[in-house]
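Below, each chain spelled out in residue letters.
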Amino acid sequence: MDARARRSFNDLQMKHIGRVFGRMVRLRAYGGVLLMMGVAGATVVDGARWRYYWMVAQVFIGLKFFFIELKRFKRHGFTSRSVPVNLGVGILLEQSLTLGTGGLASPLLPLIIPLAFVGAAVLPARQRNILLVKELLLLALLSATHLCGWIPDLHLSFLGEPPRAMLIAAAICMPLLVIAANVIGAAIRGTFDDMLSEAFSQRDELLATHRVHARTLEALSAEIAHELKNPLATVKGLSQLMAREAGKAQPSERLEVLQSEVTRMQGILEEFLDFSRPLVPLSIGEEDLAALCDEALVLHEGVAAEHVVRLVRVGEGPVLARCDRRKVKQVVMNLLLNAIDASPREGRVEVKVDMNSLGEARVSIRDTGPGLAPGLGARVFEAGVTTKSKGSGLGLTVARALARQHGGDVTLRDAEGGGCVAELLLPREPPSEALVPVREREVARAG
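Computed from a predicted model, the values in this text were never measured in an experiment. Per chain, residues are indexed from 1 in the order of the written sequence. Only residues with pLDDT of at least 70 get local features here, since the model is predicted, and only at 80 or more are side-chain atom pairs given and counted; chain-wide, interface and lining totals rely on the full set of residues. Each side-chain value is worked out from all heavy atoms of the structure, with water and hydrogens disregarded.

*Asks:* Looking at this structure, I do not really get the pairing of strand S3 (residues 320–323). What am I missing?
*Replies:* Successive side chains on a regular strand alternate, one facing one side of the sheet and the next facing the other. Exposure is judged per residue with a 1.4 Å probe applied to protein chains only, and the accessible area is read against the type maximum: over 50% gives exposed, under 20% gives buried, and values in between give partly exposed. The way it works is that DSSP assigns letters per residue, a run of H or I at least four long becomes a helix, a run of E at least two long becomes a strand, and they are numbered from the N terminus. Across the two faces of S3 the burial differs, with Ala-321 and Cys-323 buried and Leu-320 and Arg-322 not buried at all. If DSSP finds at least two bridges between two strands, the strands pair. Relative to S3, strand S1 (residues 285–288) runs antiparallel, the two being bridged by four bridges. Opposite Glu-287, over in S3, you have Ala-321 as the bridge partner.

*Asks:* So what exactly am I meant to see when it comes to the side chain of Ser-143 here?
*Replies:* One can find Ser-143 in helix H5 (residues 125–147). In what follows, a contact means two residues having at least one pair of non-hydrogen atoms within 4.5 Å. Not counting chain neighbours up to four residues away, the residues in contact with Ser-143 comprise Leu-104, Cys-148 and Ala-171.

*Asks:* Got a minute to help me understand the packing of helix H2 (residues 49–76) against helix H3 (residues 82–100) in this structure?
*Replies:* Fitted lines through C-alpha atoms give the axes, limited to the stretch in contact for helices. The angle between two N-to-C directions lies from 0 to 180 degrees. Running from amino to carboxyl end, H2 crosses H3 at an angle of 160°, the nearest separation of the two axes being 10 Å. With respect to their mutual orientation, H2 and H3 come out roughly antiparallel. Read as a crossing pair, H2 and H3 show a hand that is left-handed. Here Trp-50, Arg-51, Trp-54, Met-55, Gln-58, Gly-62, Phe-65, Phe-66, Glu-69 and Arg-72 of H2 come into contact with H3, specifically with Ser-82, Asn-86, Val-89, Leu-93, Ser-96, Leu-97, Leu-99 and Gly-100. Angles are sorted into four bins: roughly parallel if under 35 degrees, roughly antiparallel if over 145, roughly perpendicular if 65 to 115, and oblique for all others. Helix crossings are classified by the rotation of the near helix relative to the far one: an anticlockwise turn of less than a right angle makes the crossing left-handed, while a clockwise turn makes it right-handed.

*Asks:* Please clarify how the pattern of salt bridges should be interpreted in this entry.
*Replies:* Opposite charge on two side chains permits pairing when their charged atoms draw close. Salt bridges are identified by distance alone: a Lys or Arg side-chain nitrogen within 4 Å of an Asp or Glu carboxyl oxygen. Considering all chains together, one arrives at 13 salt bridges under this definition. Residue Asp-294 is joined to Arg-313 by a salt bridge in which the shortest nitrogen-to-oxygen separation is 2.5 Å. Residue Asp-294 is found in helix H8 (residues 289–299), and its partner Arg-313 is found in strand S2 (residues 309–314); the two are separated by 19 residues along the sequence. A relative accessible area of 26% means that Arg-313 is categorised as partly exposed.

*Asks:* Teacher, can you tell me more about the packing of H8 against helix H10 (residues 325–342) here?
*Replies:* Packed helix pairs are specified by the crossing angle of their axes together with the interaxial distance, meaning the distance between the axes. It is the contact of H8 with H10, at a shortest axis distance of 10 Å, that shows an interaxial angle of 50°. Judged on the interaxial angle alone, H10 and H8 are oblique. Two packed elements cross with a definite hand, and for H8 against H10 that hand is right-handed. In contact with Leu-289, Leu-292, Cys-293, Glu-295, Ala-296, Leu-297 and Leu-299 of H8, H10 contributes Arg-325, Val-328, Lys-329, Val-332, Met-333 and Leu-336. Throughout, the ten residues Ala, Val, Leu, Ile, Met, Phe, Trp, Tyr, Cys and Pro are labelled nonpolar, Asp, Glu, Lys and Arg are labelled charged, and all others, Gly among them, are labelled polar. Across the contact of H8 with H10, the residue classes tally to 10 nonpolar, no polar and three charged.

*Asks:* Whenever I open this one, the sheet that holds strand S4 (residues 347–355) confuses me. Can you help?
*Replies:* The strands making up a sheet are joined through hydrogen bonds of the backbone, oriented either antiparallel or parallel. On the basis of which strands lie adjacent, the open sheet formed by five strands has the order S2-S4-S5-S7-S6 and mixed pairing. Edge strands, defined here as strands with exactly one partner in the open sheet, are S2 and strand S6 (409–414). Strand-to-strand twist across the sheet, computed as the mean angle between neighbouring axes with direction ignored, equals 15°. With six bridges connecting them, S6 and strand S7 (residues 420–426) associate as antiparallel partners. Each bridged residue has a counterpart across the sheet, and for Leu-412 the counterpart in S7 is Ala-422.

*Asks:* Just checking my understanding: could you explain a positive patch on the surface for this structure?
*Replies:* A cluster of like positive charges, contributed by Lys-15, Arg-19, Arg-23, Arg-26 and Lys-74, occupies part of the molecular surface. Tallying contributions element by element places helix H1 (residues 3–46) first for the positive patch, with four residues. For Arg-23, the location among the structural elements is in helix H1. What goes into a patch is any residue over 30% in relative accessible area without a salt bridge, connected to like charges within 9 Å or, for nonpolar side chains (Val, Leu, Ile, Met, Phe, Trp, Tyr), within 5 Å. Areas reported as accessible are Shrake-Rupley estimates using a 1.4 Å probe. Residue values count occlusion only from the protein chains shown. A positive count includes Lys and Arg, and a negative count includes Asp and Glu. His and the chain ends are not counted in either. Lysine's charge is taken at NZ, arginine's at CZ, aspartate's at CG and glutamate's at CD.

*Asks:* Sorry, what's going on with the nonpolar core here?
*Replies:* Side chains that are nonpolar tend, in soluble globular proteins, to be buried together. Definition used in this section: a nonpolar core is a set of buried Ala, Val, Leu, Ile, Met, Phe, Trp, Tyr and Cys residues joined via side-chain atoms within 4.5 Å. The biggest cluster of nonpolar side chains holds 37 residues, and the ones touching the most others in it are Val-83, Leu-97, Leu-104, Leu-109 and Val-122. At the level of elements, H1, H2, H3, helix H4 (112–122), H5 and helix H6 (164–244) are the ones that each hand at least two residues to this core. Listed in part, the 35 residues of the second largest apolar core include Val-309, Ile-340, Val-353 and Phe-381.

*Asks:* How do you make sense of the packing of aromatic side chains when you look at a structure like this?
*Replies:* The criterion for an aromatic pair is that two Phe, Tyr or Trp rings (for Trp, the six-membered ring) have centres within 6.5 Å, with stacked assigned to planes under 30 degrees apart, edge-to-face to planes over 60 apart and tilted to the rest. Applying the stated criterion to the full structure yields two aromatic pairs. Aromatic side chains Tyr-52 and Tyr-53 sit 5.5 Å apart centroid to centroid with 75° between the ring planes, which places their arrangement in the edge-to-face category. Residue classification places Tyr-52 among the partly exposed residues on the basis of a relative accessible area of 44%.

*Asks:* Help me out: how do you make sense of unusual backbone geometry in this one?
*Replies:* Peptide bonds are trans in most cases, and residues, glycine excluded, mostly fall at negative phi. For Val-308, which is not glycine, the phi dihedral falls at a positive 55°. Positive phi, close to 65°, is recorded for Glu-346, a residue that is not glycine.

*Asks:* Explain the confidence of the model for the protein here, please?
*Replies:* Close reading of the predicted structure is inappropriate where its pLDDT is low. A residue-level look at the protein finds 81% of positions with pLDDT of 70 or above and a mean pLDDT of 80. Think of pLDDT as the predictor's per-residue confidence, scored from 0 to 100. The model gives residues 437–447 a pLDDT under 50, and that stretch makes 14 contacts with residues more than four places away or in other chains.

*Asks:* Even after reading the chapter, I still don't get the environment of Arg-404, so can you show me in this structure?
*Replies:* Along the chain, the position of Arg-404 falls in helix H11 (residues 395–405). For the pair Arg-404 and Leu-426, spaced 22 residues apart in sequence, the C-alpha separation works out to 8.6 Å. Within polar-contact distance, the side chain of Arg-404 engages the side chain of Asp-409 at 3.2 Å. The definition of a polar contact used here is a pair of N or O atoms within 3.5 Å, where within protein one atom must be able to donate a hydrogen and the other to accept one, and adjacent residues in sequence count solely through side-chain atom pairs.

*Asks:* I keep staring at a nonpolar patch on the surface and nothing clicks. Help me out?
*Replies:* A cluster of nonpolar side chains, namely Tyr-30, Val-33, Leu-34, Met-37 and Phe-67, defines an oily patch on the protein surface of about 510 Å² accessible area. A total of four residues in the nonpolar patch trace back to one element, the largest contributor, which is H1. Along the chain, the position of Met-37 falls in helix H1. Look at Met-37 and you get exposed, because its relative accessible area is 56%.

*Asks:* Is there a simple way to explain H8 in this structure?
*Replies:* Along an α-helix, a turn takes 3.6 residues, which lines up residues three or four apart on a common side. When H8 is considered as a whole, its buried residues turn out to be Leu-289, Ala-290, Leu-292, Cys-293, Ala-296 and Leu-297. The buried residues of H8 occupy an angular sector of 160° when the element is viewed end-on, so they sit on one face. More than 90 degrees from the buried face of H8, the exposed residues found are Val-298 and Leu-299. Its side-chain oxygen at 3.1 Å from the backbone nitrogen of Ala-290, Asp-288 defines the N-terminal cap of H8. For this quantity, the arc is that covered by the directions from the helix axis to the C-beta atoms.

As structure tokens, then:
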């Protein structure tokens, strides 16, 4: 990630940690009252004078710290020092209360495990390691104090004196449990960081795609404005001429020119709209591609006749595919029109429908034109790239987008013996995400 993305990553990370920290501060403040009441009750029942003074001081310090931190959080919010300070003081206070309520036999001793887990889950590696060392040192000091008898009658009298074997087991097991809690917390923190980092990477990729798309649209807008300028000038000139000759029969040539120029402008605008709007979900059904191609051939008989090009379909029998009929027909018609435009007079366009070795439905459209322009290659599918004098360069871009929405593809290659072959491949089953609108998929990936 770059510096800007890293700052955003850290800000979002701090935001989520701050939210968890706020809940912890509130829970600790109000739950701490109950804890301190229990500690005070145990001190009163035990009756040892040293424990009374020790625990009064701890209860006073603990409650004051809890509510001061709650007030500070409400006033100033979460800062980078909030977690280390609170966890450090919290562990020190927990161990002090543990010492005053029985040492290694204290019922408060296991509380250090969730504190170690929280510290490992929310702190960066360096602070996490420092906190772990502090926890292990405090446990070692507590164990030495109890096992060496530095404080007489450390255990609570009403609980009875614990067996020494139990104390030794607690002294050995608690550090191991603290280390295990630290490892688990660090692993969860690492998983969270990886998920957050992946989400940011996907967001950056999505933003980059949108920026490229926006730049393409901006460039194409200028090109389309230029493309529309000439036919508009022709239409304007002819309409003015016809207005001056109102009441007279207009030559059929003028009407044909008007019709062709309007049709040309409509085609440019439709291609631009197809490219600019998001792909809508597929409407899947079992379709016969052979029958679909026959329909497309019938619709293009007039265009082929104008170019003096013969249309031929190869193959017999139905070829079934699960697809969106309207969108696949749009792809076929686009490829068919390109093949007719590329073919010379007296040329031939051959449409073949079959299944390949992988079980994919295939539509191959071969023309007898000059083939792919040298050096063009895959750029022919980029928006705005065209070899036609009156083309917008969007037809193949939209065709490939529709094919890939089905999980398939559109490819172009030079044919043996001359000409070009455009091939549409469709899988047996389109991907499930194709049934969801593109914008919803993008939002889901970013979120």
